[in-house]
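Structural overview for review
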Amino acid sequence: MITKSLLISSLIISSGFSLGLDDIVNDALKNSYDLQKLNKNLQITNEDIKLSDKWNNPTISIGANDIHFDTPFARDKEAMQSNYVSISQVIPINGKLKYKKNIAIQDNNIAHMDLENKKLQLSSLIYEYGYKILINKQKLALINEYQKNTKKLHEIGLSLYESGKVNQIVPLKTDLLSSKLEIQKENIKFELKNLNTKLEQITYKEVLGLDDSIELNEIHAIKSDISSHPVLVSIEYNKIKFNNLALLEESKKYSDIKVNLGYFSRDDKFEDYANLSFSMPLPIYGNEEAKVAKARYQASKTQDDLKIIKTQFEKNFSTLKEEMKKSFINYQTLSINMIPQREFIQKNIHSHYRLGHMKSVDLLSNINETISLELLALDELSKYYSAYAKSKYYTGIKK
């Protein structure tokens, strides 16, 4: 039985453990299946680069011509009869392989940026879920503490009722407050479970607990580097790719040459001979011009994409900074000014209540307002850290 318990414990420890948010992010960046998938795409484009400047394999042909059906194995009937071997090779000209390689390099760069963008998205989302989990745990601890206090109030109310100082409504109202707190507690527990599930989905690992503490004494300094963001850098690489695609289509006006060389062996009565030929498509229908124009339009379009997304990113980041500033101010107002004042009032009301000098409605009203203020402060804290986590996406590639 002891051995079985140890085995179960070891399985639990290996599948999930308590970590800081930074540790979870670093672990996810190393082991995420989504990132591994994109990394394999990157490796594929590496192989594409190796293939891009290689010639196509030559084609070899072996055969016999002018076969007579009545004597199929006789090869001395006439001079046209021969056995032959020939080889053909397409020879790329006009820099096509260079442009193909440049395109393959840009595809590799784009794949790398896709990977870096996914890292930023993953990190930002882990921080967002993690902060929400930590703050919801604070809410849960707050509700638990108020439930304990409410239980004590209920006991005081019963004592006062039994001594005839208050009516029966007083303990009933504390029961109602306790039920209200229980509903809030269950809602928070459900949200926590949902957040933990989402965190497990993106990290592919069960995290039993977070070690980080949430404090907010000053606004975090976040420096964005929009110009180095992988989405924008990827657009720049796309522009280079389409420019090279235009050059490739331009170079196709001079088609690759196909060289054919064959050796024909005949009967001893006749002399052997060789055959040499060159062939190439004729660019007479203007397909190349249309493809060149299309690639140039695509290259030009990337400039518009760049301006649009850069503006969106800058506005999004600015909005998140304002959200952080607003939530910080609200949190400070609640935690430094309003909640301490309310707690002071609560303490005095509670003292009078114990002596039977204060109406229960005033006491419970003050408790409800205090709870609302403290939960509101944690909501502002959650908004702040949610904006902070999202802002991490716009910090660009870490050098």
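Notes on the structure in this doc start here.

Under the criterion given, the structure shown has 13 aromatic pairs. Residues F313 and Y394 carry aromatic rings whose centres are separated by 5.2 Å and whose planes lie at 80° to one another, so their mutual orientation is edge-to-face. Remark: Y394 occurs in the segment after helix 8 (360-391) and F313 occurs in helix 7 (residues 287-354); sequence separation between them is 81 residues. The burial state of F313 is the same as that of Y394; both residues are buried. Taking 6.4 Å as the distance between ring centres and 65° as the angle between the ring planes, the aromatic pair formed by F317 and Y394 counts as edge-to-face. With F317 in helix 7 and Y394 in the segment after helix 8, this residue pair connects regions lying 77 residues apart in the sequence. The burial state of F317 is the same as that of Y394; both residues are buried. Taken together, the ring pairs in this structure connect Y127, Y131, Y384, Y385 and Y388 into an aromatic cluster. Directly above the aromatic system of Y127 lies the positively charged group of K392, at a separation of 4.4 Å from the ring centroid.

Considering all chains together, one arrives at 17 salt bridges under this definition. A salt bridge links K132 to E128; its shortest N-O distance comes to 3.4 Å. One end of the pair, K132, and the other, E128, are both in helix 4 (residues 96-162), 4 residues apart, so they sit about a helical turn from each other. When its relative accessible area of 24% is taken as the criterion, K132 is described as partly exposed. Assessed through its relative accessible area of 10%, E128 is described here as buried. With a shortest N-O distance of 3.6 Å, K252 and E249 are connected by a salt bridge. By relative accessible area, which is 30% here, K252 ends up partly exposed. What you see here is one network of salt bridges that share partners, running through E250, K253, E289 and R296.

The next thing to look at is the pairing of strand 5 (residues 257-265). Bridging between strand 3 (residues 82-91) and strand 5 involves 9 bridges; their strand directions are antiparallel. Following the sheet pairing, Q89 is matched in strand 5 by V259. Pairing between strand 5 and strand 6 (residues 273-279): 7 bridges, direction antiparallel. Within the sheet, the bridge partner assigned to V259 lies in strand 6 and is F278.

Definitions and cut-offs
Residues numbered from 1 in each chain as written. Predicted model: local features only at pLDDT ≥ 70, side-chain atom pairs only at ≥ 80, totals over all residues. Heavy atoms only, no water. Phe/Tyr/Trp six-rings, centres within 6.5 Å; stacked < 30°, edge-to-face > 60°. Helix = DSSP H or I, 4+ residues; strand = E, 2+ residues; numbered from the N terminus. Buried < 20%, exposed > 50% of the residue type's maximum accessible area, 1.4 Å probe, protein only. Lys NZ or Arg CZ within 6 Å of the ring centre and 35° of its normal. Salt bridge = Lys/Arg side-chain N within 4 Å of Asp/Glu carboxyl O. Pairing = 2+ DSSP bridges.

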